[in-house]
Amino acid sequence: MIISKDLFLLGDQDYLRLPNKDEKRPQGPNMGRSNPDQNNRVDTTAVNFPCLLDQRPLPVHLAFRGISVSIGGRPVLEDVDGLVRPGQVLAVMGPSGCGKTTLLNCLSGRLKLDSGQIYFNRDPLCKRWKRKICYVLQQDIFFPDLTLRQTLEYQARLRLSDVMSHAQKMQYVDHIIDVLELNNCQDTIIGDYLKRGLSGGEKKRANIACELLTNPSLMLLDEPTSGLDSHAAHSLMTTLKRYAVSEGKTVVITLHQPSSQIFHLCDKLLLLCNGRTTYFGDTCKVVNFFSNVGIHIMPHYNPADFILEQIKGPEQIRKTIMKAAEDARKSKDYPVELRCHDVPYISEKYDHKILPPSHGPYPSLERKILTRLFNLTERKTIFYIKHSLFCAFKTKNLLEDALNHMEPDVRRLWLDTHSHASSSVSSDTSDADCYFSWPTSFWTQFKVLAQRNFQEARPRMLSKLNWVQTVGLGLLAGLLWFQLERREEALHDIQGWMFFSTTYWMLFALFGALSSFPPEREVINKERRSGAYRLSAYYLAKMIGELPLTITLPAIYHFISYPMLGFHSPLAFLTLLGFLLLNTIVAQSVGFFIGACCMDMQVSITMSALYTLATQLFGGYLATNIPPWLTWMRYTSMVHYAYQNMQIVEFSDGLPIECAAKSKFAICQESAHIPVSSILEAQGTYWPLWANTLVLIGFLCVFRFLGYIVLRYFNTPK
């Protein structure tokens, strides 16, 4: 990599220096390399850059100005500004309800602005930049039965590019575990309020680890220290600060009431009150800011507690603080990126005449700088640099302001003239760049999600209690209808076993899907908001991944109970098993659909109970003399079709049913056996086996499709 030495950053002030013609450039293997310290100062003799620019993400210089948002007609944020550079931590503080979380939602692109601008390295927020943001929610939402390492591994396989091998992804998981100090608990389950697992601090770290897997440039964290003791909170913030500095990450974090140690770990502070800015600047200068308006802090007092008490104090004090904040925004010390409200966004369509020769206090020097830059870098990179220069040239002193307010990654652009670097870090925001691209292919997402769904659902669906319940119920049913004779007197009992088996496993599958969907939906919505995978891949993986678990218990029940009734035909045994499993899967589809439609668990249970009870009533066993105006209801009952199919198979392929001495079937006057057609006619109209099967498959497809439509277009994550 050839490094340009036309820009040198010396001492406390950064300035441009155009080299003399006779000046010799540095030679040797270490030409142009250095190690910047935590204050972003660069050695004068060397400049150090990552060798693999495609693996190290571009640092993000985040600037937002004039942010205003209203929710339900009520203003939540009003004219909020802020600026944070790579390696810095911006703390957003304020009383409850002041708009801290709303601001994070705006910066992540999840909430539409009423007015204002958000810039990432001078680019407006778009989908290309959203992929470089991680948003750590305040709630720790996980699958409780997976271990910490399993959770991270699945996240890595889903969210890291297919270009990386499986071994590389696992190495990155190991790196994140080491960085966040999670080695001792990586094999512990996440847990919930019923199962003991990770502690509160470990869950917070796990939540952050899942988001760091994508190696984001910008980290947004919503009150990560809430619910933690002072030691755990300080340890977490120390880890975040160290990670931000060492990896060059930009961090924005909301804090409710931090300790003084945590407070001083933050570089910048944005103080909000009723959605308005009461202070923005360096954290170490906030006490002086309050002292300048006559509000003095007592010795040995926590500054965080002090400033929060003041902005929640009397109305007169709040007005004084806000007035001082407004005056600070007009001062020359206010960040130049937030003062240039009249600078439009510069795109590639602008030519080099955007900065005329007569502009600024040093027109000749400006022309030399731009001419030199045009000779050193690609055209599309220049527009980014010129936009930064345009704001800087508006100030009084070019030498001090041109680069003093530039982010480190812009300096890298000026120094690095390699073609790959220029193309990698370009700020050009064409339409093609803003199209969203999934990190992995559909097949990878489907495969990983199917494995995860299977592993996550197995402890729940095949729990010890479910096994005991299934085996016990199978034995009880077999003993109740043990070795039934194939006579008309036992016909009702044989039908009773069929109806009971069909309805029980319908209820088991439907309410099982219903109870598992709400907690899982929270995890899925979080992952969908982060763009981890396609909804279609998840939905198909859930159907396929849980299929073996769904059919296991009904099959065990059938293997136990049916032979005890009297095993007559292997074909009938297997066919009855197939229809029992088909009915179970259809019922699960209905549960998915109702669970997707109803956000309230009580409403979904009520709707499911109403549907299942109606299904049983019109199934053909409990009531045969249905009023004519209600006969259409039987065609909406899945039990009706499954129950008919089981009778057709059992009474056609098995031993015939002998007529009773006083039979209620007219056919018994001519025959000693009752045909299956007469048995079905006694229950009303019936359809052939193939028609009932097609209807059940239709139920399966329709409800699965409707569930996907609801999740895709109606109950999308906000």
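Residues numbered from 1 in each chain as written. Predicted model: local features only at pLDDT ≥ 70, side-chain atom pairs only at ≥ 80, totals over all residues. Heavy atoms only, no water.

S.K.: Could you clarify how one ought to interpret the environment of P570 in this entry?
M.R.: Mapped onto the elements of the fold, P570 is located in helix α22 (residues 570-597). On the basis of relative accessible area, P570 is assigned to the exposed category, the value being 52%. In this structure the C-alpha to C-alpha distance between P570 and G654, which are 84 residues apart in sequence, comes to 9.3 Å. (Helix = DSSP H or I, 4+ residues; strand = E, 2+ residues; numbered from the N terminus. Buried < 20%, exposed > 50% of the residue type's maximum accessible area, 1.4 Å probe, protein only.)

S.K.: So what exactly am I meant to see when it comes to the packing of aromatic side chains here?
M.R.: Each pair of aromatic rings is reported with the distance of its centres and the angle of its planes. For the structure on display, the rule yields 25 aromatic pairs. Their ring planes at 35° and their centres at 5.8 Å tell us that W443 and F446 sit as a pair that is tilted. One end of the pair is W443 and the other is F446, both in helix α17 (residues 442-461) and 3 residues apart, which spans about a single turn. Judged by its relative accessible area of 14%, F446 is buried. With a centroid separation of 6.0 Å and 15° between ring planes, the pair formed by F699 and F703 is classed as stacked. Of this pair, F699 and F703 both sit in helix α26 (residues 689-714), 4 residues apart, roughly one helical turn. When its relative accessible area of 14% is taken as the criterion, F699 is described as buried. Cluster of aromatic residues (ring-pair linked, three or more members): W481, F500, Y504, W505, F508 and Y557. (Phe/Tyr/Trp six-rings, centres within 6.5 Å; stacked < 30°, edge-to-face > 60°.)

S.K.: What's the story with the sheet that holds strand β11 (residues 268-273) in this structure? I'm lost.
M.R.: Where strands meet in a sheet, backbone hydrogen bonds hold them as pairs that are either parallel or antiparallel. The strand order across the open sheet formed by 6 strands is β8-β9-β10-β5-β11-β12, and the pairing between neighbours is mixed. Two strands lie at the open edges of the sheet, namely β8 (133-136) and β12 (276-282), each paired on one side alone. Taking the axes of each pair of neighbouring strands and ignoring which way they run, one obtains an average angle of 15° across the sheet. Sheet topology note: the β11/β12 ladder contains 6 bridges and is antiparallel. (Pairing = 2+ DSSP bridges. Axes fitted to C-alpha atoms, helices over the stretch in contact; angles between N-to-C directions.)

S.K.: Looking at this structure, I do not really get the sheet that holds strand β3 (residues 62-71). What am I missing?
M.R.: With antiparallel pairing, the 4 strands of this open sheet are ordered in space as β4-β3-β6-β7. Unpaired on one side and paired on the other, β4 (74-84) and β7 (123-124) mark the two borders of the sheet. Bridge analysis of strand β6 (residues 115-120) against β7 gives 2 bridges, and the strand direction is antiparallel. Note that in β7 the partner of Y119 across the bridge is P124. In the packing of helix α1 (residues 100-107) onto the sheet, contacts are made with β3, β4 and β6, and the angle to β3 comes to roughly 120°. (Contact = heavy atoms within 4.5 Å.)

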